[in-house]
Amino acid sequence: KYESLMWVACALFISNTQDEENGKEWNGMKVSQLLAGCRLRIMAFFDNIALIQNHPKKQILNLSANFNESMQQLKKVVVTNMLLYRKFNQLWAVRDIVSAENVVSKRGKKAVETHLVHFSWTLFLLIKTRINGIEPNLVDNYHLLIACVILTIEGHSAHQAKALAERREKQSGTMAPS
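Residues numbered from 1 in each chain as written. Predicted model: local features only at pLDDT ≥ 70, side-chain atom pairs only at ≥ 80, totals over all residues. Heavy atoms only, no water.

Asker: What exactly am I supposed to notice about the nonpolar core here?
Answerer: One recurring pattern in soluble globular proteins: nonpolar side chains tend to sit buried together. Counting residues in hydrophobic clusters, the biggest one holds 19 residues, and the most contacted among them are Phe13, Phe45, Ile49, Phe67 and Met71. Elements with a contribution of two residues or more to this core: helix H1 (2–21), helix H2 (31–38), helix H3 (42–54) and helix H4 (67–100). When sequence neighbours within four positions are dropped, the list of residues in contact with Met71 reads Phe13, Phe45, Phe46, Ile49 and Gln53. Residues Trp121, Phe124, Leu144 and Cys148 belong to the second largest nonpolar core, which totals 12 residues. (Core = buried A, V, L, I, M, F, W, Y, C linked by side-chain atoms within 4.5 Å. Buried < 20%, exposed > 50% of the residue type's maximum accessible area, 1.4 Å probe, protein only. Helix = DSSP H or I, 4+ residues; strand = E, 2+ residues; numbered from the N terminus. Contact = heavy atoms within 4.5 Å.)

So, in C-alpha cells, the structure goes:
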C-alpha cells in the first residue's frame, strides 16, 4: 500500500508541475500537504522522483526541460528546512538543560513553554520567508533562527519578571494607584 501511495503522489506531483508550465491552474496543493495526506516520508518521495528522473524511458512522461533543476531546488529547500528545524529543537533542548541547572530560570507551565516553542518557529518562518523567500541559505537562516529563539525567550522572561515585580508590589501595598 505504501509503495502504491508513493507512486500516486509522484504522479500527482509531476502532473501538477506539467499543468503549471502549460498555464493550467491546479488546486495549489503543496508537496508537504500531498505527502502528509498520503502519510509518506519526504526523502522517500525524492528518492522515487530521482528514479523517474534517471529512468531510460523518462521521455514518455514529457517532463519539462527544467524539471530536474526544479526538483533539485525543492530538495535543497526541504533539506535546509529540515536541518534548521533540527537545530531549532536543539536550541530549545539546550535552554531546558541550562534551566535545569538553574543557570537561567524556566518560568511557566508546560503549555506556555509549548506555545513559546511554536511561536518562535512560526516567527522564524514568517521572517525568513519575508526576507529570503524560499532561498535555502543555511547560514543566514540559522543566524535568523537563533535571533528568533533568543527574542522569544528574552521577551517571555522580561514579561514574567515584570509580572512578578507587579505582584510583589501589589502584595506589599506599595504599588502606586493608576
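We are not done yet, so read on.
Asker: Please clarify how the packing of aromatic side chains should be interpreted in this entry.
Answerer: Aromatic ring pairs: the centre-centre distance and the angle between the two ring planes describe each pair. Inspection of every chain in the model, using the stated rule, returns 8 aromatic pairs. Aromatic side chains Phe13 and Phe45 sit 5.4 Å apart centroid to centroid with 90° between the ring planes, which places their arrangement in the edge-to-face category. Here Phe13 is found in helix H1, whereas its partner Phe45 is found in helix H3, with 32 residues between them in sequence. The residues Phe13 and Phe45 share a single accessibility class, namely buried. On the numbers, 4.8 Å between centres and 80° between planes, the contact of Tyr85 with Trp121 is edge-to-face. A residue pair is termed long-range when its members are at least 10 positions apart, and Tyr85 in helix H4 and Trp121 in helix H5 (residues 110–132) qualify at 36 residues. A relative accessible area of 15% places Trp121 in the buried class. (Phe/Tyr/Trp six-rings, centres within 6.5 Å; stacked < 30°, edge-to-face > 60°.)

Asker: Explanation requested: H2 in the structure shown.
Answerer: Given 3.6 residues per turn, any residue in an α-helix points the same way as the ones three and four places further on. Burial in H2 covers these residues: Val31, Leu34, Leu35 and Cys38. Looking down the long axis of H2, one finds its buried residues gathered within 90° of arc, a one-sided arrangement. Away from the buried face of H2 by more than 90 degrees, exposed residues Ala36 and Gly37 are located. A positive backbone phi angle near 55° is found at Arg39, which sits one or two residues after H2. (Arc of directions from axis to C-beta.)

Asker: Can you help me understand H3 in this one?
Answerer: Spanning 13 residues, H3 covers 18 Å between terminal C-alpha atoms, matching the ideal 18 Å at 1.5 Å per step. Among the residues making up H3, those that are buried are Ala44, Phe45, Phe46, Asn48, Ile49, Ile52 and Gln53. (Expected span 1.5 Å × (residues − 1).)

Asker: Can you walk me through a nonpolar patch on the surface in this structure?
Answerer: On the surface, Leu83, Leu138 and Val139 cluster together to form a nonpolar patch covering roughly 240 Å² of accessible area. Inspection of the secondary structure assignment puts Leu83 in helix H4. (Patch = residues over 30% accessible without salt bridge, like charges linked within 9 Å, V, L, I, M, F, W, Y side chains within 5 Å. Areas by Shrake-Rupley, 256 points an atom, 1.4 Å probe, with all protein chains shown as cover. Salt bridge = Lys/Arg side-chain N within 4 Å of Asp/Glu carboxyl O.)

Asker: How should I be thinking about the environment of Ile127 in this particular structure?
Answerer: Among the structural elements, Ile127 can be located in helix H5. In this structure, the C-alpha to C-alpha distance between Ile127 and Leu145, residues 18 residues apart in sequence, is 9.4 Å. Apart from residues no more than four positions distant in its own chain, Ile127 is found in contact with Leu144 and Cys148.

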